[in-house]
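Each chain, letter by letter, is given below.
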Amino acid sequence: MNILNKQKQKHNYQKIAYKFKSIVGEDNVLWQPIDRALYGCDAETLDSAIPDLVVLPGNTQQVQDVVRIANEYGIPFTARGAGTGLSGGATTVCGGMSLVLTRMTKIIDIDPESRIAVVETGVTNSSVSQAAAKYNLCFAPDPSSQLASTIGGNIAENAGGPHTLKYGTTVDHVLSMKVVLPDGNITQLGSNHLSHFDFDWVSLFTGSEGTLGIATEAILKLIPLPELTETALVYFSTLESGGEAVTKIIASGVIPCAMEMIDQLTLNAVEDAFSLGLNREAAALLIIEIDGNKLSVQQEKNQIEEILNSSDTLSYSWAKSAYDRAQMWKARKAAFGALGRIAPHAYVLDGVVPVSQLANAIKGIKTIGDKYSVIVANIFHAGDGNLHPALLYNQNNEEQAQRVLKASYEILKLCVDLGGVLSGEHGIGIEKTLAMPFLFSDTDLMVMESIKKAFDPQLICNPGKILPSPGICGESGMRPLLRHKLSMGC
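If you're wondering where the values come from, they're calculated on a predicted model, not measured in any experiment.

## A few points about the sheet that holds strand S5 (residues 107-111)
Strands sit in the order S5-S6-S10-S8-S9 across an open sheet of 5 strands; the sheet is antiparallel. Only two strands of the sheet have a single partner each, and these edge strands are S5 and strand S9 (186-190). Each adjacent strand pair in this sheet contributes to an overall mean axis angle of 10°, direction not counted. Here strand S8 (residues 174-180) runs beside S9; their pairing, made up of 5 bridges, is antiparallel. Of the residues in S9, the one forming a bridge with Val179 is Thr187. Against the sheet, helix H4 (residues 125-132) contacts S5, strand S6 (116-120) and strand S10 (214-221), and its axis sits at roughly 45° relative to S5.

What follows is the structure in structure tokens.
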């Protein structure tokens, strides 16, 4: 479903490209159609919009110079990292420029005494931990895409991952960042100290999805690697009983570093793909991981076993080696890819509910899937209630796509009705803009819009994202999918 890229003002991008080439070099400005097409979407593939040109700066100064030219011509621009986002945040819905930061890959410094890393935001998430490992440190956030996803994207979406439960999301691990503002000025948000005494600009900026500026460098907090890690693989006879066990573990006071669940449909897809020896008869598989010093880990392990023994558990086992642990995690990490054996496309949501409502959410999602005759595979960050129902379908079948969209909005509404929120880590992007009123009042949205305008009065910095303002690119430029959603009354 291609998005129309009609703008109020037309530009001769071929001519403007020469200005950008003088800043970033001939090879780092792409304006041929075949090159630009590669940047038409992120991992949320329901929507696509080919940028008018693609610019790849190599440092903060080049980003500033490029943004200043964009301001001069009124060109919309959207920062982009590895394109692993799942809400369309890196999609140029209003045309203009895709500003790609993947050349900015320097790890400037690792300071083991202060436990910080200073990096450019084009570095990958996992490379930071790899660089810190020799000091027995790591960068805690671990999105499933961490081998490819960049720190800039992590900041934009406030990325999480399986270990969010204990260690928090990206915002908990960013001390400071250098930001190119939408007008081309550079500012420093935060400091390299854990305490600050001014407005918490870092928290405001982290999770703003690239709508308030472009982070080009960041000072990240590192944490010590744990003394001991224990990982369990648990099977349940029903999905609901798995959710109830998760609730009991959290209520007991034990905070595992991760609790990840997949349903039977996903389990069998993974087993078909990788032959891990999983129990195909189980309705749910739960991975529980605890870490820390040896004494605390053993105490928590004993508590967890008591809960599992009193729950509707089919069986459980603890990893005996690093290889066992890796195989257990493969069942979760490879889950989304394995679903390709069932259907060619998956529309992955990430609503959040209170852990106490996990069982009710599971039941509600099944009811909605049945209502719209949509196959739903359930993958959860179960410990913090972050749900990833994957709606399986064929994107080329318009009737199927419409049913998937309707089901997705009902699932998001269900999450809010159960006391949850619209997104745990993927962001709002273009995917959930029309769901924002489920959670926020008109006043709430007006305040958000005023913050956006304060940072970006020209509305050219990643326009068309987060806020339900379909006219931002001009009515004639409204995305066909967005028109479809509006006609559904979403």
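## Section: the packing of aromatic side chains
Enumeration according to the criterion identifies 3 aromatic pairs in this entry. A ring pair is formed by Trp201 and Phe455, whose centres lie 6.3 Å apart and whose planes are at 70°; its orientation type is edge-to-face. With Trp201 in helix H7 (residues 201-205) and Phe455 in helix H16 (residues 442-455), this residue pair connects regions lying 254 residues apart in the sequence. In this structure Trp201 comes out as partly exposed when scored by relative accessible area, which is 34%. The interplanar angle of 85° and the centroid separation of 6.3 Å between the aromatic rings of Tyr409 and Phe438 together place this pair among those described as edge-to-face. One end of the pair, Tyr409, is in helix H14 (residues 398-417); the other, Phe438, is in helix H15 (residues 436-439), with 29 residues separating them in the sequence. For Phe438, a relative accessible area of 25% translates into the label partly exposed. Connected via pairs of aromatic rings, a cluster forms that spans Phe199, Trp201 and Phe455.

## Quick notes on unusual backbone geometry
Of note, the phi angle at Arg115 is positive, near 55°, even though the residue is not glycine. Tracing the backbone through its elements, the reader meets Arg115 in the loop between S5 and S6. Its relative accessible area of 41% is what places Arg115 among the partly exposed residues. Despite not being glycine, Ile466 has its phi angle at roughly 70°, a positive value. Relative to the helices and strands, Ile466 resides in the loop between H16 and helix H17 (480-487).

## Considering the confidence of the model for the protein chain
Mean pLDDT over the protein chain stands at 91; residues scoring 70 or higher make up 93%. Counting contacts from residues 1-8, a segment whose pLDDT is below 50, to residues more than four positions away or on other chains yields 37 contacts. Note that residues 474-490 has pLDDT below 50 and, in this model, 37 contacts with residues that lie over four places away or in other chains.

## Points about the environment of Leu459
Summarising the element assignment, Leu459 is placed in the loop between H16 and H17. Between the alpha carbons of Leu459 and Ile34 there is a distance of 28 Å; along the sequence they are 425 residues apart.

## What to know about the nonpolar core
One finds Leu286, Ile288 and Leu391 to be the most contacted residues of the largest nonpolar core, which totals 46 residues. Top contributing element to this core by residue count: H14, with 7 residues. For Leu286, the contacting residues outside a window of four places in its chain are Ala232, Leu233, Val234, Phe236, Val246, Met259, Glu260, Met261 and Ala382. Counting 25 residues, the second largest nonpolar core, distinct from the first, contains Tyr235, Val270, Ala338 and Leu392.

## Things to note about the pattern of salt bridges
On inspection of all chains with the given rule, the structure shows 15 salt bridges. Here Glu217 makes a salt bridge to Lys178, at a shortest N to O gap of 3.8 Å. You can see Glu217 sitting in strand S10 and its partner Lys178 sitting in strand S8, a full 39 residues away along the chain. Residue Glu217 is classed as buried on the basis of its relative accessible area, which comes to 18%. The salt bridge partner of Glu431 is Lys432, with a shortest N-O separation of 2.7 Å. As far as burial versus exposure is concerned, Glu431 and Lys432 are alike and both buried. One continuous salt-bridge network, built from bridges that share partners, spans Asp350, Glu431 and Lys432.

## Focus on the pairing of strand S18 (residues 386-393)
Burial analysis of S18 places 8 of its 8 residues in the buried class, which makes it a mostly covered element. Alternating residues of S18 divide into Asn386, His388, Ala390 and Leu392 and Leu387, Pro389, Leu391 and Tyr393, and every residue in both groups is buried. Where strand S16 (residues 345-348) and S18 come together, 4 bridges link them in antiparallel fashion. If you follow Ala346 over to S18, its bridge partner there is Leu392. Both strand S17 (residues 375-381) and S18 contribute to a ladder of 7 bridges, which runs antiparallel. Note on S18: the bridge partner recorded for Asn378 is Pro389. What sits between S17 and S18 in their antiparallel hairpin is a turn of 4 residues, with Gly385 showing a positive phi close to 75°.

Definitions and limits used
- Residues numbered from 1 in each chain as written.
- Predicted model: local features only at pLDDT ≥ 70, side-chain atom pairs only at ≥ 80, totals over all residues.
- Heavy atoms only, no water.
- Pairing = 2+ DSSP bridges.
- Helix = DSSP H or I, 4+ residues; strand = E, 2+ residues; numbered from the N terminus.
- Axes fitted to C-alpha atoms, helices over the stretch in contact; angles between N-to-C directions.
- Contact = heavy atoms within 4.5 Å.
- Phe/Tyr/Trp six-rings, centres within 6.5 Å; stacked < 30°, edge-to-face > 60°.
- Buried < 20%, exposed > 50% of the residue type's maximum accessible area, 1.4 Å probe, protein only.
- pLDDT = per-residue confidence, 0-100.
- Core = buried A, V, L, I, M, F, W, Y, C linked by side-chain atoms within 4.5 Å.
- Salt bridge = Lys/Arg side-chain N within 4 Å of Asp/Glu carboxyl O.

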